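# Understanding the architecture of this molecule
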Amino acid sequence: MLLGLRRRSSKEEFYLKSNNSLPPTLLFEIYEAVLSQKLSLRFRTKGVSMSPFIKDQDIITISLLSNCAIGLGEIVVFMHPQTKKLFIHRIIGRSQDCYLIKGDNIFITDGLIPKKNILGVVTKVERKGKKIIFGLGYERYIIAALSKAKITNLFLRVIKLILAPIKKIIR
């Protein structure tokens, strides 16, 4: 495992590289300690639950909650209270001090997650060296609504069908 601190674009970031998997509770504590120092945290994702907005092996940057507003459509890193596993999913609703959270590419929600279980907000996604902005801007509200209605995948398939002939014309 490699833990380190580096300066990127005049900002300090903490990075974690590991060939072996660490227990989620230990990862949560490491991430919490890093973010409490007001450092951003970058790491490579694993899984497809947020596809196509965040894909397997994308690099994400997480910022501390106090530095970012948390609200509908935000993609957050949290520890599930029952499974004690870390997830990166989107907020699709709110009830008092808990948030309804769900992966964009799955049909069931994670349930209501207490704010204390939310570690940070995804502020940047990188794929193959390029910054991915779709899914983090104002469109996140539409994505959250589609995800809550469980029709994100259907909507994306329709968009692909519509855009396919346009792409052929442009090429």
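See the structure shown above.
Worth saying up front: this structure is predicted, and the values here are computed from it rather than measured. (Residues numbered from 1 in each chain as written. Predicted model: local features only at pLDDT ≥ 70, side-chain atom pairs only at ≥ 80, totals over all residues. Heavy atoms only, no water.)

This part takes up the overall build of the protein. Secondary structure assignment for the protein yields 3 helices and 10 strands. When the helices and strands of the protein are placed in sequence order, the string is β-β-α-β-β-β-β-β-β-β-β-α-α. By residue count, 42% of the 171 residues in the protein fall in the buried class. Nonlocal contacts in the protein, meaning residues at least 24 apart in sequence, comprise 53% of its contacts between residues at least 6 apart. Counting only carbon and sulfur atoms, one obtains 58% of the accessible surface of the protein, whose full area is about 10,500 Å². (Helix = DSSP H or I, 4+ residues; strand = E, 2+ residues; numbered from the N terminus. Buried < 20%, exposed > 50% of the residue type's maximum accessible area, 1.4 Å probe, protein only. Contact = heavy atoms within 4.5 Å. Areas by Shrake-Rupley, 256 points an atom, 1.4 Å probe, with all protein chains shown as cover.)

Here we come to the pattern of salt bridges. The final tally for this structure, using the stated rule, is 4 salt bridges. Linking D104 and R90 is a salt bridge whose minimum nitrogen-to-oxygen distance equals 2.8 Å. Of this pair, D104 sits in the loop between β7 (98-102) and β8 (111-114) while R90 is found in strand β6 (residues 86-95), placing the two residues 14 residues apart along the sequence. For the pair formed by D104 and R90, the shared burial category is buried. (Salt bridge = Lys/Arg side-chain N within 4 Å of Asp/Glu carboxyl O.)

For the rest of this paragraph, the subject is the layout of surface pockets. The computed volume of the second largest pocket comes to approximately 200 Å³. Of the residues forming the lining of the second largest pocket, the biggest block, 3 residues, is contributed by helix α3 (residues 152-170). Broken down by class, the residue content of the lining of the second largest pocket amounts to 6 nonpolar, no polar and 3 charged. (1 Å grid on protein atoms, 1.4 Å probe; cavity = no way out; pocket = protein on both sides within 12 Å on 5 of 7 lines; lining within 4 Å. Points joined across faces, edges and corners; volume = space filled by probe spheres on them. Nonpolar A, V, L, I, M, F, W, Y, C, P; charged D, E, K, R; others polar.)

So, about the nonpolar core. Core analysis: the largest hydrophobic core is formed by 22 residues, its most contacted members being I54, I60, I88 and V122. Elements that contribute at least two residues to this core include exactly α1 (24-36), β3 (40-44), β4 (59-64), β5 (75-79) and β9 (118-127). Here the element with the most residues in this core is α1; it accounts for 6 residues. Residues within four places of V122 in sequence aside, it is in contact with I54, I60, T61, I75, V77, I88 and L136. (Core = buried A, V, L, I, M, F, W, Y, C linked by side-chain atoms within 4.5 Å.)

Let's shift gears to the pairing of β5. Of all 5 residues that make up β5, 5 are buried, and the element is covered over most of its length. Side-chain alternation along β5 places I75, V77 and M79 on one buried face and V76 and F78 on a second face that is also buried. Note that β5 and β6 share 5 bridges and pair antiparallel. Bridging across to β6, I75 finds its partner in R90. Between the end of β5 and the start of β6, which pair antiparallel, lie 6 residues, with K84 showing a positive phi angle near 60°. (Pairing = 2+ DSSP bridges.)

Looking now at empty space enclosed by the protein. Under the criterion given, the structure shown has 1 cavity of 30 Å³ or more. In this structure, the largest cavity encloses a volume near 40 Å³. If you go around the largest cavity, the residues you meet are K102, D104, N105, I106, F107, K150, I151, T152 and N153. Class assignment of the residues belonging to the lining of the largest cavity gives a composition of 3 nonpolar, 3 polar and 3 charged.

Turning to helix α2 (residues 139-148), a few remarks are in order. All buried positions along α2 are accounted for by R140, I143, A144, L146 and S147. Along α2, the residues classed as buried sweep out an arc of 165° about the axis, all on the same side. One or two residues past the end of α2 sits K150, with phi positive at roughly 60°. (Arc of directions from axis to C-beta.)

All right, on to a positive patch on the surface then. On the surface, K55, K128, R157 and K160 cluster together to form a positively charged patch. Considering the arrangement of structural elements, one finds K128 in the loop between β9 and β10 (130-132). Residue classification places K128 among the exposed residues on the basis of a relative accessible area of 81%. (Patch = residues over 30% accessible without salt bridge, like charges linked within 9 Å, V, L, I, M, F, W, Y side chains within 5 Å. Lys, Arg positive; Asp, Glu negative; His and termini not counted. Charge placed at Lys NZ, Arg CZ, Asp CG, Glu CD.)

Geometry only, nothing functional implied.
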